[in-house]
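If you want the building blocks of each chain, they are given just below.
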Amino acid sequence: MTWPLLAEFQDPATLIAAARRLKGSPRFTVLDAFTPFPVDELHELIDVGPPRIRVAMFLAGFSTAAFAFGLQWYSAVIDYPINSGGRPLNSWPVFLLVPFEVGIFAAALAGFIALLWTTGLPQLHQPLFDVPSFERSTQDHYFLLAKGENEERTHALRQLLRTAGALRVTEVRAP
Amino acid sequence: MTAVLEPDEAATAPWISAYRASDVEITQAVTTPLFRNPGKVWWLALLLSAPFMAWFVAALGWVFYRAIGVWGVNSTIVWGVAIADYVWWIGIGNAGTLISAMLLLTRQRWRASINRFAEAMTLFAVAIAGLMPIVHLGRPIYAYWLAPYPNTMSLWPQWRSALVWDFWAIISYLLFSLLFWYVSLIPDLATMRDRTKSRTGQLLYGAFALGWCGSVRQWRAMKILHTTMAALGVPLVCSVHSIVGLDFAASLMPGWQESIFPPYFVVGAMYSGFAMVVVLALAIRWGFDLQAIITREHLDVIARVLLMSSIVMGYSYASEWFMGWYGGARSDRSLVAFEFAGTYAPLFWALLGCNVVLPQALWFPRVRGSLVALFAISVAINVGMWLERILIVWNTLSHGYMPSLWRAFHFTIWDLAFVIAPLGFFAFLFLMFVRLISAVSMFDMRELAHREDMA
């Protein structure tokens, strides 16, 4: 049984260079990276699957807006018709205001839920938090998580990470 | 107090006034003030805000107990300070999200140092604004009638009423702003979780950070959500203040029934909000030694925005007067004359001075460079914008179609309470915020520093 290795780097450039080297070799898998700010180059190197956040936002936004419009229409035309200053019962231009507002809020809320869903948050503790100095991933150090298929390759991976400039390489023994 | 990130006026990069800003330095510069003793100034400010808080609570209690007759409103001038407050506060509340979202979408990286506290300003201001219509209802216990819910009276809200639009606009906008602010706060909460030494801090920051660890997937999801929310936020902000404008424009009163009102209100909101951002930025910069992060260059850019907005405001006022004359209706022409020479004329001239004349000083680079001048002009703009809002209410209602109904508003001590006391409440909330949460977005600053090759 082999475990993934967590390598700690001092700056993003070294991390990206190391990730590129690992990516170029079929023997290793780059699992994830942890950085104190969003490093755009890492998206090309680490595959995290398609983002579905905007789809959720779109669906929630439009369905909530449609529901809000339907509610106004039903209450103003069917259930509680009132002649207000001679305006038509179905005053649809005015009925667009509320759907717009709540639709945008619903889209935002759905986006937030989708963010939690796709990232697995909230997960207040995870095994990586036990790695010494991992707390610097939210401050000033850059971490790369990678895996070799077997013992021999893991050994080679450790060597490669060291030569690529890792300050520290830790084996993460966690399920 | 010494600054962690030494400011250097001679530094070449425009948005970080130092020679080097490594990740450590940025993190420390922002978090150190939160973990050390707040110091005399903060306690003094808190102590100063306390009586205003008490005053606000007392004023609210008195209005709830005696109803809105304690104000100067009467059967002609049915709207008063609460409505002007509502428009003013929500105007300030609009600016934070608008500034942050618009600058994010236009890739203005200098937003990094101002977006966080501008958004916090939004939250507090909108929360205060949301109280005002409820107070003004006179029967606040029935405020929930604005919501559609199955009830034994078989009633529904009147969807054609501006009050109902307000309800949905405020509630959607407040919750949206909260989410927008929180999403970009999560990474910084994680930094705070990992830096604080107190157990309570670790538990609280840890719980709100949701277990953030800055993985590629998390960053990508967060960025997508944040950018998409920004794109939705800009039209939302414009619609919210347009709806506030419609409260007036959807009526049939002279001086209110104007199609210019929605855009004119949005510009006014941005104007007063930016002025409030200057006031808060100067306070934070000075109180937390962040001269290297909130630079003179930032203040210069904001001053230019203020100048531009003041010109648009002047144009809006002028087009109102022109349309009053050009439209030819007697009531409109008479109202414009009343604005310039009637009961509230001194206030009206003061408003023009504060909003249109005084900000022209910002044409001069020396004025934009002077922090004292900038502070004074920003405060003047906020006063001027409040005067604008109260005068929109007073002038029209005091000088409607029926001369026999012309009255003046008699300002009472409880009106004054509603002008001044909410400011103390706002200051209290803001003081709490700067002690508990990083007032500057750290990850945005790190990104900026790396882009500018300063890390």
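Residues numbered from 1 in each chain as written. Chains lettered and ligands numbered in written order. Predicted model: local features only at pLDDT ≥ 70, side-chain atom pairs only at ≥ 80, totals over all residues. Heavy atoms only, no water.

Looking up chain A in an unreviewed UniProt entry gives the name DUF3341 domain-containing protein, with the organism given as Bradyrhizobium vignae.

A. Layout of the domain arrangement of chain A. Taken domain by domain, chain A consists of domain 1 (5-48 + 127-171) and domain 2 (53-119). Averaged C-alpha coordinates put domain 1 of chain A and domain 2 of chain A at centres separated by 46 Å. (Domains from an automatic or database assignment.)

B. Spotlight on the pattern of salt bridges. Residue and element names in this part refer to chain B. A complete count under the given rule lists nine salt bridges over all chains for this structure. Between D188 and R116 there is a salt bridge, with its nearest N and O atoms 3.0 Å apart. Here R116 lies in helix 4 (residues 115-136) and D188 lies in helix 5 (residues 162-195), a separation of 72 residues in the sequence. Each member of the pair, D188 together with R116, is buried. (Salt bridge = Lys/Arg side-chain N within 4 Å of Asp/Glu carboxyl O. Helix = DSSP H or I, 4+ residues; strand = E, 2+ residues; numbered from the N terminus. Buried < 20%, exposed > 50% of the residue type's maximum accessible area, 1.4 Å probe, protein only.)

C. Region of interest: the interface of chain B and chain A. Chain B puts 57 residues into the contact, and the matching count from chain A is 63 residues. Of the roughly 5,300 Å² buried where chain B meets chain A, counting both sides, 71% is carbon and sulfur surface. Scanning the region where chain B abuts chain A turns up 19 residue pairs in polar contact (both at pLDDT 80 or more). At the level of elements, helix 1 (23-35), helix 5, helix 6 (199-209), helix 7 (216-249) and helix 15 (442-451) of chain B are the ones that each hand at least two residues to the side of chain B that touches chain A. Tallying contributions element by element places helix 7 of chain B first for the side of chain B that touches chain A, with 19 residues. When grouped by side-chain class, the residues that make up the side of chain B that touches chain A number 33 nonpolar, 13 polar and 11 charged. (Contact = heavy atoms within 4.5 Å. Buried area = accessible area lost by both parts, 1.4 Å probe. Polar contact = N/O pair within 3.5 Å; in protein donor to acceptor, adjacent residues only side chain to side chain. Nonpolar A, V, L, I, M, F, W, Y, C, P; charged D, E, K, R; others polar.)

D. Geometry of the sheet that holds strand 2 (residues 28-34) of chain A. All names here are of chain A. Read across the open sheet, the four strands follow the order 2-3-1-4; overall the sheet is antiparallel. Strands with a single pairing partner mark the edges of an open sheet, and in this sheet they are strand 2 and strand 4 (168-171). Here the average twist between neighbouring strands, direction ignored, is 25 degrees. For strand 2 and strand 3 (residues 142-148), the ladder comprises six bridges, and the chain directions are antiparallel. Paired with A33 across the two strands is L144, which belongs to strand 3. (Pairing = 2+ DSSP bridges. Axes fitted to C-alpha atoms, helices over the stretch in contact; angles between N-to-C directions.)

E. Expanded view of the UniProt feature "transmembrane region" (unreviewed entry) in chain A. All names here are of chain A. Listed under "transmembrane region" (unreviewed entry) in the UniProt record, and renumbered for this structure, are residues 55-74 and 94-117. Within residues 55-74, the helical portion is 100% and the strand portion 0%, while the C-alpha atoms at the span's ends are 28 Å from each other. Strand forms 0% of residues 94-117 and helix 96%; the C-alpha atoms that close the span are 36 Å apart. (UniProt positions renumbered as here; feature names shortened; annotations may be inferred.)

F. Representation of helix 10 (residues 330-341) of chain B within the structure. All names here are of chain B. Here helix 10 contains 12 residues, and its C-alpha end-to-end distance of 16 Å stays within 8% of the 16 Å for a straight helix at 1.5 Å per residue. Within the span of helix 10, buried status applies to S331, L335, V336, F338 and E339. Axial view of helix 10: buried residues confined to an arc of 160 degrees, hence all on one face. Seen from the open side of helix 10, the exposed residues pointing more than 90 degrees away from its buried face are R330 and A341. Turning to helix 10, the residues buried within the fold contact helix 9 (296-327), helix 11 (345-357) and helix 13 (371-398). (Expected span 1.5 Å × (residues − 1). Arc of directions from axis to C-beta.)

G. Geometry of empty space enclosed by the protein. Residue and element names in this part refer to chain B. Scanning the model with the defined rule gives four cavities of 30 Å³ or more in all. Of the pockets and cavities examined, the largest cavity occupies roughly 130 Å³. Along its surface, the largest cavity is lined by 17 residues, and Y264, E320, E339, F348 and I392 are the ones closest to its centre. Mapped onto the lining of the largest cavity, the elements with two or more residues apiece are helix 8 (261-287), helix 9, helix 10, helix 11 and helix 13. (1 Å grid on protein atoms, 1.4 Å probe; cavity = no way out; pocket = protein on both sides within 12 Å on 5 of 7 lines; lining within 4 Å. Points joined across faces, edges and corners; volume = space filled by probe spheres on them.)

H. A look at unusual backbone geometry. The omega angle of the peptide bond from L121(A) to P122(A) is -10 degrees, so this bond is cis rather than trans. With phi around 55 degrees, S154(B) is a residue other than glycine that occupies positive phi space.

I. Structural detail: the packing of aromatic side chains. Residues and elements named next belong to chain B. For the structure shown, the criterion picks out 48 aromatic pairs over all chains. Considering the side-chain rings of W212 and W219, the 4.9 Å spacing of their centres and the 80 degrees angle between planes classify their relative orientation as edge-to-face. Summarising the burial analysis for this pair, W212 and W219 share the class buried. Taken together, a centroid distance of 5.5 Å and an interplanar angle of 70 degrees make the contact between F261 and Y264 edge-to-face. Of this pair, F261 and Y264 both sit in helix 8, three residues apart, roughly one helical turn. The same class applies to F261 as to Y264, namely buried. The aromatic ring of F265 is capped on one face by R389, whose charged end is 6.0 Å from the ring centroid. (Phe/Tyr/Trp six-rings, centres within 6.5 Å; stacked < 30°, edge-to-face > 60°. Lys NZ or Arg CZ within 6 Å of the ring centre and 35° of its normal.)

J. Representation of a nonpolar patch on the surface in the model. Residue and element names in this part refer to chain B. A surface patch of nonpolar side chains, amounting to about 470 Å² of accessible area, comprises F52, F411, I413, L416, I420 and L423. Examining the composition of the nonpolar patch, we find that four residues originate from one element, helix 14 (residues 413-436), more than from any other. Position of L423 relative to the elements: it lies in helix 14. (Patch = residues over 30% accessible without salt bridge, like charges linked within 9 Å, V, L, I, M, F, W, Y side chains within 5 Å. Areas by Shrake-Rupley, 256 points an atom, 1.4 Å probe, with all protein chains shown as cover.)

K. Fine view of the packing of helix 10 of chain B against helix 13 of chain B. Residues and elements named next belong to chain B. Put simply, helix 10 and helix 13 touch, their axes get as near as 10 Å, and they point 125 degrees apart. Taken together, the axes of helix 10 and helix 13 are oblique relative to one another. Read as a crossing pair, helix 10 and helix 13 show a hand that is right-handed. Packed against helix 10, whose contacting residues are L335, F338 and E339, the element helix 13 presents N395, T396 and S398 at the interface. (Parallel < 35°, antiparallel > 145°, perpendicular 65-115°, else oblique. Left-handed = near helix turned anticlockwise from the far one by under 90°.)

L. Molecular detail of the packing of helix 10 of chain B against helix 11 of chain B. Residues and elements named next belong to chain B. Close contact between helix 10 and helix 11 brings their axes to 6 Å; oriented N to C, the two are set at 85 degrees. Between helix 10 and helix 11, the interaxial angle falls into the category roughly perpendicular. Contact with helix 10, carried on its side by E339, F340 and A341, involves A345, F348, W349 and L352 of helix 11 and no other residues of that element.

M. Expanded view of the environment of V78(B). Residues and elements named next belong to chain B. Along the chain, V78 falls in the loop between helix 2 (39-66) and helix 3 (81-105). Exposure remark for V78: the relative accessible area of 39% places this residue in the partly exposed category. Sequence separation of V78 and T396 is 318 residues, and the distance between their C-alpha atoms is 11 Å. Apart from residues no more than four positions distant in its own chain, V78 is found in contact with V73, H136 and L397.

N. Fine view of helix 8 of chain B. Residue and element names in this part refer to chain B. With 27 residues, helix 8 ought to run about 39 Å at 1.5 Å a step, and its terminal C-alpha atoms sit 38 Å apart, in line with that. The element helix 8 is largely enclosed, with a buried count of 22 among its 27 residues. Remark: D289 follows helix 8 within two positions and exhibits a positive phi of approximately 55 degrees.

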